[in-house]
Amino acid sequence: MAVGRGLVVRPVRRSDREQWDALWRGYNDFYEQRLPKKISDTTWDRFFDAREPVYALVATEDGRLIGLVHYLFHRSTSLVGPTCYLQDLFTAKDVRGKGVGRALIEAVYARARGRGAERLYWQTHRTNVTAMRLYDKVAVNSGFVVYRRDMSPRTRQGRTRGAATLSRRRARSS
Ligand SMILES: CC(C)(COP(=O)(O)OP(=O)(O)OC[C@H]1O[C@@H](n2cnc3c(N)ncnc32)[C@H](O)[C@@H]1OP(=O)(O)O)[C@@H](O)C(=O)NCCC(=O)NCCS
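Rules used in this analysis
Residues numbered from 1 in each chain as written. Predicted model: local features only at pLDDT ≥ 70, side-chain atom pairs only at ≥ 80, totals over all residues. Pairing = 2+ DSSP bridges. Helix = DSSP H or I, 4+ residues; strand = E, 2+ residues; numbered from the N terminus. Axes fitted to C-alpha atoms, helices over the stretch in contact; angles between N-to-C directions. Contact = placed C-beta atoms within 7 Å. Core = buried A, V, L, I, M, F, W, Y, C linked by C-beta atoms within 7 Å. Buried ≥ 20, exposed ≤ 12 C-beta atoms within 10 Å, placed from the backbone.

A. A look at the sheet that holds strand β4 (residues 83-91). If you trace the five strands from one edge of the open sheet to the other, you get β1-β2-β3-β4-β5, paired in mixed fashion. Edge positions in the sheet fall to β1 (7-11) and β5 (119-121), since each of these pairs with one other strand and no more. Going from strand to strand, the sheet's axes swing by 25° on average, the running direction of each strand aside. As paired strands, β4 and β5 are joined by three bridges and run parallel to one another. Within the sheet, the bridge partner assigned to Tyr85 lies in β5 and is Tyr121. The strands touched by helix α1 (residues 17-30) are β2 (54-61), β3 (64-74) and β4; relative to β3, the strand with the most contacts, the crossing angle is about 70°. Seen against the sheet, helix α3 (residues 100-114) touches β1, β2, β3, β4 and β5 and runs at an angle of roughly 160° to β4.

B. Region of interest: the nonpolar core. With 22 residues, the main nonpolar core has Leu68, Leu104 and Val108 as its most contacted residues. Top element by residues in this core is α3. It accounts for five residues. In this structure, Leu104 is in contact with Val9, Leu57, Ala59, Gly67, Val69 and Leu89, ignoring residues within four places of it in sequence.

Shown next as structure tokens:
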């Protein structure tokens, strides 16, 4: 299904904070992750700090924010140019399946190419089959598996439950 003609993807603005908060909350709820306000505030401020390599785009329709995507640039030992990591993608529930997610990914792709990036990549949880239906259309599955060890007391104490809990919950409900 085509997106409405009024869809615009643009960089986030300071005046978007309230609507961005709602989408960001939705994204974190989806991954059963509770972030302290300090982290959200820091992430938000980084979007507007020219020294930071972290960026946010939002999808809007008639002034309403209906999606967000966050991305950042980093070095790679196997590439000369920057690598772009698309970290977060979220669209409002009532607009899903209308091309907003795809438009956000394509917008990051265009911006990364404009910055001379040689690769754009992202991760998803293996249970996120809905997201993978989109991803399989716009990129290739690299086959790499992500391992991690959390190092901050916040994550070690399990206050951010994240992927392991998500996996158990979905295993129970399937
Ligand atoms: C994943 C997510 C961002 C996709 O956003 P979206 O706006 O629904 O995606 P799109 O409408 O652009 O989907 C594009 C394609 O995927 C397919 N697709 C998306 N959702 C689908 C669904 N529920 N069922 C079947 N196909 C689907 C569509 O067929 C579409 O293909 P087309 O453009 O060729 O018609 C959205 O579902 C979401 O926010 N989910 C919760 C958070 C999340 O999972 N984020 C990603 C974490 S890695």
